[in-house]
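# A closer look at the structure
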Amino acid sequence: MNPYTGVIILTGGQSRRMGRNKATLSIAGEPMIQRLLRRLCNDPEWVPIISVKHPAQFHDSAISIAVDQYPGKGPLSGIHAGLTQSPYLLNLVTACDLPYASRCVAQHLRKVAIKGDFDAVVPVSDGRIHPLFAVYHRRCLDPLERFLKAGKGRVQDFLQEIQTRYTTGPFPTRAFFNMNRPEDYLQVNEWEKGQS
Ligand SMILES: Nc1nc2c(ncn2[C@@H]2O[C@H](COP(=O)(O)OP(=O)(O)OP(=O)(O)O)[C@@H](O)[C@H]2O)c(=O)[nH]1
């Protein structure tokens, strides 16, 4: 198996609940997108692809950008764009609002995907599935395209149409903590203060 894995970082959301762009929220002086690049892509075998709604949203000549082809369809649209752009068979998809996204978890998901040859490997923690920190095989692209063309958009529904493996870990605390609202961001800042 090719050792390279795409890391598709979804940044094309509207951040309505947060009220400001979650991809650029700063944690200990570091914007979320940079934090994710550092945490997940500090090994050359984990190659970032930034999934955006508009090309103007992010620019870095060293990083591949994937632009939504199904605007308004939410995270699945970003996953579709990322998989279209990715030359790799296996791809970690991550939301941009996960401050404690963990490469150990990503590696575990990748191993499970390789061992069982699944279309997607999705973690389950505290009884909740986390499809926005999950590994997707590139062959999800065709079924995903059909799904989106049929006007559908719910991630959970899509996972039922492919060979999805759910895995329960154990996973590190907070690995799937996501910041949707200002109070979640405040909570992360409190945790970070406790670290210093
Ligand atoms: N590329 C792309 N990413 C998206 C899209 N919608 C959501 N995302 C990303 O998917 C992840 C989860 O998004 P949500 O928190 O469900 O939605 P959101 O639009 O960011 O936030 P709300 O407006 O508060 O629902 C985030 O990383 C978003 O940036 C989209 O249409 N395109």
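The name given to the chain in an unreviewed UniProt entry is Probable molybdenum cofactor guanylyltransferase, with Melghirimyces algeriensis as the source organism. Within the UniProt record for the chain, the comment given under Catalytic activity (unreviewed entry) is "Mo-molybdopterin + GTP + H(+) = Mo-molybdopterin guanine dinucleotide + diphosphate". As its UniProt record puts it under Cofactor (unreviewed entry), the chain is described as follows: "Mg(2+)".

### A few points about the environment of Phe176
Looking at the element boundaries, Phe176 is found in the loop between β10 (164-167) and α6 (182-195). Setting aside chain neighbours within four positions, we find Phe176 in contact with Leu98, Val105, Pro123, Ser125, His130, Phe133 and Phe171.

### Description of helix α2 (residues 75-85)
Most of α2 is tucked away: eight of the eleven residues are buried. All of the buried residues in α2 are Leu76, Ser77, Gly78, Ile79, His80, Ala81, Gly82 and Leu83.

### A short note on the UniProt feature "domain: MobA-like NTP transferase" (unreviewed entry) in the chain
As annotated by UniProt and renumbered to match this structure, "domain: MobA-like NTP transferase" (unreviewed entry) occupies residues 7-160. Between the first and last C-alpha atoms of residues 7-160 the distance is 23 Å; the span itself is 32% helix and 25% strand.

### Remarks on the nonpolar core
Side chains of a nonpolar character, in soluble globular proteins, are inclined to be buried together. Ranked by internal contacts, the top residues of the largest apolar core, which has 39 residues, are Leu40, Ile50, Leu92, Phe133 and Met179. Counting only elements with at least two residues in this core, the list comes to β1 (5-10), α1 (32-40), β4 (46-52), β6 (90-95), α3 (103-116), β9 (133-137) and α6. When near neighbours in sequence (up to four residues on either side) are disregarded, Ile50 contacts Ile9, Thr11, Ile33, Leu37, Phe58, Ile63, Ser64, Ile65 and Ala66. One finds Ala120, Phe147, Leu159 and Ile162 within the second-largest nonpolar core, a separate group that totals 23 residues.

### Here's the deal with the pattern of salt bridges
Under the counting rule described, the total for this entry stands at ten salt bridges. Salt-bridge contacts for Arg35 lead to Glu192; the nearest nitrogen and oxygen are separated by 3.5 Å. Taken together, the residues span a long stretch of sequence, with Arg35 in helix α1 and Glu192 in helix α6 at a distance of 157 residues. Note on Arg35: relative accessible area 5%, which makes it buried. A salt bridge links Arg154 to Asp157, with the shortest nitrogen-to-oxygen separation between them at 3.1 Å. Here the salt bridges do not stand alone but share partners, grouping Asp117, Asp119 and Arg139 into one network.

### Observations concerning the layout of surface pockets
Approximately 1100 Å³ is the volume found for the largest pocket. Every residue lining the largest pocket is counted, 42 residues in all, and those nearest its centre are Arg17, Pro75, Asp97, Leu132 and Asn180. Elements with a minimum of two residues in the lining of the largest pocket: α2, β8 (128-129) and α5 (155-161). Each residue belonging to the lining of the largest pocket can be placed in one class, and the counts come to 16 nonpolar, 16 polar and ten charged.

### Quick word on the UniProt feature "binding site: Mg(2+)" (unreviewed entry) in the chain
Here, the residues flagged by UniProt with the feature "binding site: Mg(2+)" (unreviewed entry) are Asp97. With respect to the helices, strands and loops of the structure, Asp97 is situated in the loop between β6 and α3. Under the relative-accessibility criterion, Asp97 is labelled buried at 5%. Sequence-distant contacts of Asp97, defined by excluding residues within four places in its chain, comprise Lys22, Met32, Phe177, Asn178, Met179 and Asn180.

### So, the packing of aromatic side chains
A full pass over the atoms with the stated rule returns six aromatic pairs. Judged by centre distance (6.1 Å) and plane angle (25°), the rings of Tyr4 and Tyr88 are stacked. Taken together, the residues Tyr4 in the segment before β1 and Tyr88 in the loop between α2 and β6 connect sequence positions 84 residues apart. Taking relative accessible area as the criterion, Tyr4 reaches 36% and is therefore assigned partly exposed. By relative accessible area, Tyr88 is classed as buried at 16%. Geometry around Tyr100 places Arg174 over its ring, the cationic atom sitting 5.8 Å from the centre.

### Structural notes on the packing of α2 against helix α4 (residues 141-149)
With their axes 10 Å apart at the nearest point, α2 and α4 run at an angle of 140° to one another. Between α2 and α4 lies a crossing whose hand is left-handed. Between α2, through Leu76, Ser77, Ile79, His80, Leu83 and Thr84, and α4, the contact on the second element is made entirely by Leu141, Leu144, Glu145, Phe147 and Leu148. Residues of the contact of α2 with α4, tallied by class, amount to seven nonpolar, three polar and one charged.

Analysis parameters
- Residues numbered from 1 in each chain as written.
- Predicted model: local features only at pLDDT ≥ 70, side-chain atom pairs only at ≥ 80, totals over all residues.
- Heavy atoms only, no water.
- UniProt positions renumbered as here; feature names shortened; annotations may be inferred.
- Helix = DSSP H or I, 4+ residues; strand = E, 2+ residues; numbered from the N terminus.
- Contact = heavy atoms within 4.5 Å.
- Buried < 20%, exposed > 50% of the residue type's maximum accessible area, 1.4 Å probe, protein only.
- Core = buried A, V, L, I, M, F, W, Y, C linked by side-chain atoms within 4.5 Å.
- Salt bridge = Lys/Arg side-chain N within 4 Å of Asp/Glu carboxyl O.
- 1 Å grid on protein atoms, 1.4 Å probe; cavity = no way out; pocket = protein on both sides within 12 Å on 5 of 7 lines; lining within 4 Å.
- Points joined across faces, edges and corners; volume = space filled by probe spheres on them.
- Nonpolar A, V, L, I, M, F, W, Y, C, P; charged D, E, K, R; others polar.
- Phe/Tyr/Trp six-rings, centres within 6.5 Å; stacked < 30°, edge-to-face > 60°.
- Lys NZ or Arg CZ within 6 Å of the ring centre and 35° of its normal.
- Axes fitted to C-alpha atoms, helices over the stretch in contact; angles between N-to-C directions.
- Left-handed = near helix turned anticlockwise from the far one by under 90°.

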